[in-house]
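The primary structure of each chain is shown beneath.
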Amino acid sequence: MSNPALLLLQDVLEEPKLIDWEWIGENFSEDILPALQGHIFLSFVSVGIALLIALPIGILSARYRKAYPPVTFVTGALYSIPSLALLAILISIPGVAIGPSPVIIALVAYSLLILIRNTVAGLDSVPPETKDAARGMGLTDRQILFRVELPLALPIIVAGIRIATVTIIGIATIGAYINGGGLGTLIFDGIGRQFPTMIIAGAVLATALAITADLLLLALERYLRPWARVRRA
Amino acid sequence: MLFKILEVYARPDFPEKLRQHIVLSLVALLVAIAIAMPVALMIRNTRLGAAIAINIGNIGRAVPSLAILALALPLFGIGFGSALVALTALAIPPILINASTGLREVDKGIIDAARGMGLSGNQILAGIQLPIAAPVIFAGIKTSAVQTVASATLATFIGGGGLGDLIVEGYSRRGPEILLAGALAVAILALITEIGFGLLERGFTPKGLKIAQKRRG
């Protein structure tokens, strides 16, 4: 092992006390809460920006089918780059300083594939008869898109938002390595200070946040599918 | 810059880091398959079992990989073994979810027909359920493999070695060429894994299924 800090860490970790509740109580409002808030902020902003990019691209790819394969190729390539590697590549670009910005760029890059794919799948799921009926009623293309297609595609789009959000909350922890903030700060500080309580606090909160977001968005997805609820009842 | 990056790859410790990365990913993947597949097979005929497996799998997928790796540190100490345990835990959910849904989604009519022809439970499993579910199972293994190669980069934070060592070294010593060399090596390894397992997935799709897929368009 080349890193002497890690060797030291092993000695400290052999102490039986894993969670120091006193520390948690003392540092809750100073360390833990801001990290949690930072994490929510990072994830929220990234999903928001990603949606602003992915929705128009998804709508266009659903309409102009030839554009779809190259779009999935590029976003798929972005998605397959391991996150620590992508962050490292981003901060190597001249002019990109460490901090939240490269983390947000990486998180947006990771969400694009899922969001675009689900937008296209959602629009594809609208039955042609429904669109014909709307056209027969005299709706313009734009009206059909906003009043018929997008509302019907919404549950599948939200399913994409759900997967993207859970993925992003997980990857955002790694952003702390390049000073992006969030719950990863607790994990990396815990490793650096050889203090298991911080590691556990960060890891457990990040997991809880991901699972909470997953369940909330799942509830939203179900709520947006009233026809499925009727069928089940 | 390019020359400096290539110099990093010529360093005597590079092959060792690459080897660690591959061994970590491969062993974690194989152990995960050895755990997830028997579980998926055992629960293939029970609805409750499948529901439990899929829910556990979904929760498992929501857990951030850095969280699992970091939690392995206070529990199992630092080093390669600890990273291996964490990566194995991370590799299980996608395989478990795909194997149990793949096996459950085999058309009941086909199984009934096979039973009517006098095939035993094991014959149905080996001759019908597994081949038909194979593409879905392999898609799960592929997802898991790509994810494991990516997560193995984080092993460096708990002293597990691998190519992440180069990224950390480059970052902490402000050596942009080492940082980039590590990042590019990891990205290329992930890409090779993705393409390689994609080919495997195609290879494991039974001929009959491919023809059926083509006909359906």
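Residues numbered from 1 in each chain as written. Chains lettered and ligands numbered in written order. Predicted model: local features only at pLDDT ≥ 70, side-chain atom pairs only at ≥ 80, totals over all residues.

A look at the overall build of chain A
Part 1 of the reasoning: Broken down by element type, chain A carries 10 helices and 0 strands.
Part 2 of the reasoning: The linear arrangement of helices and strands in chain A, starting from the amino end, is α-α-α-α-α-α-α-α-α-α.
Part 3 of the reasoning: Taking the intrachain contacts of chain A between residues at least 6 apart in sequence as the baseline, contacts between residues at least 24 apart amount to 73%. (Helix = DSSP H or I, 4+ residues; strand = E, 2+ residues; numbered from the N terminus. Contact = placed C-beta atoms within 7 Å.)

Some thoughts on the confidence of the model for chain B
One rule of thumb: low pLDDT means the predicted coordinates there are not for detailed reading.
Residue and element names in this part refer to chain B.
Part 1 of the reasoning: Of all residues in chain B, 99% have pLDDT values of 70 or greater, and the mean over the chain is 89.
Part 2 of the reasoning: The lowest-confidence element of chain B is helix 10 (residues 207-216), averaging 73 in pLDDT; the highest-confidence one is helix 2 (residues 14-42), averaging 95.
Part 3 of the reasoning: What the predictor reports for the complex is a pTM of 0.85 with an ipTM of 0.86. (pLDDT = per-residue confidence, 0-100.)

A few points about the environment of Glu16 of chain B
All names here are of chain B.
Part 1 of the reasoning: Summarising the element assignment, Glu16 is placed in helix 2.
Part 2 of the reasoning: Overall, Glu16 belongs to the partly exposed group, with 13 C-beta atoms counted inside 10 Å.
Part 3 of the reasoning: It is 41 Å that separates the C-alpha atoms of Glu16 and Ala50, two residues lying 34 residues apart in sequence. (Buried ≥ 20, exposed ≤ 12 C-beta atoms within 10 Å, placed from the backbone.)

What to know about unusual backbone geometry
Residue and element names in this part refer to chain A.
Part 1 of the reasoning: Phi is positive for Asn179, close to 65°, though the residue is something other than glycine.
Part 2 of the reasoning: Its place among the elements puts Asn179 in the loop between helix 7 (141-175) and helix 8 (184-193).
Part 3 of the reasoning: Residues other than glycine seldom take positive phi values, yet Gln194 does so here, at roughly 60°.
Part 4 of the reasoning: Taking the number of C-beta atoms within 10 Å as the measure of exposure, Gln194 has 18 and is therefore partly exposed.

Here we look at the interface of chain A and chain B
Part 1 of the reasoning: Counting residues at the interface gives 34 residues for chain A and 33 residues for chain B.
Part 2 of the reasoning: Contributions of two or more residues to the side of chain A that touches chain B are made by helix 1 (4-13), helix 4 (83-92), helix 7, helix 8 and helix 9 (196-223) of chain A.
Part 3 of the reasoning: By residue number, the principal contributor to the side of chain A that touches chain B is helix 9 of chain A, which donates 10 residues.
Part 4 of the reasoning: Of the residues belonging to the side of chain A that touches chain B, the class tally is 23 nonpolar, 10 polar and 1 charged. (Nonpolar A, V, L, I, M, F, W, Y, C, P; charged D, E, K, R; others polar.)

Here's the deal with the nonpolar core
Part 1 of the reasoning: Among the nonpolar cores identified, the biggest contains 126 residues, and Ala88, Leu107 and Ile187 of chain A together with Leu69, Ala70 and Ala183 of chain B are the most heavily contacted of them.
Part 2 of the reasoning: Broken down by element, the residue count for this core peaks at 14 residues, all from helix 5 (residues 100-124) of chain A.
Part 3 of the reasoning: Leaving out residues up to four positions away in the same chain, Ile187 of chain A has contacts with Thr173, Ala176, Ile199, Gly202 and Ala203 of chain A together with Leu66 and Ala70 of chain B. (Core = buried A, V, L, I, M, F, W, Y, C linked by C-beta atoms within 7 Å.)

Quick word on the packing of helix 2 of chain B against helix 5 (residues 80-104) of chain B
All names here are of chain B.
Part 1 of the reasoning: Look at helix 2 against helix 5: their axes get within 7 Å of each other, and the N-to-C directions meet at 40°. Put simply, helix 2 runs oblique to helix 5. Between helix 2 and helix 5 lies a crossing whose hand is right-handed. Across from Leu24, Val27, Ala28, Leu29, Val31, Ala32, Ile33, Ile35, Ala36, Met37, Val39 and Ala40 in helix 2, the residues of helix 5 making contact are Ala83, Leu84, Leu87, Thr88, Ala91, Ile92, Ile95, Leu96, Ala99, Ser100 and Leu103.
Part 2 of the reasoning: Looking at the contact of helix 2 with helix 5 residue by residue, the classes come out as 21 nonpolar, 2 polar and no charged. (Axes fitted to C-alpha atoms, helices over the stretch in contact; angles between N-to-C directions. Parallel < 35°, antiparallel > 145°, perpendicular 65-115°, else oblique. Left-handed = near helix turned anticlockwise from the far one by under 90°.)

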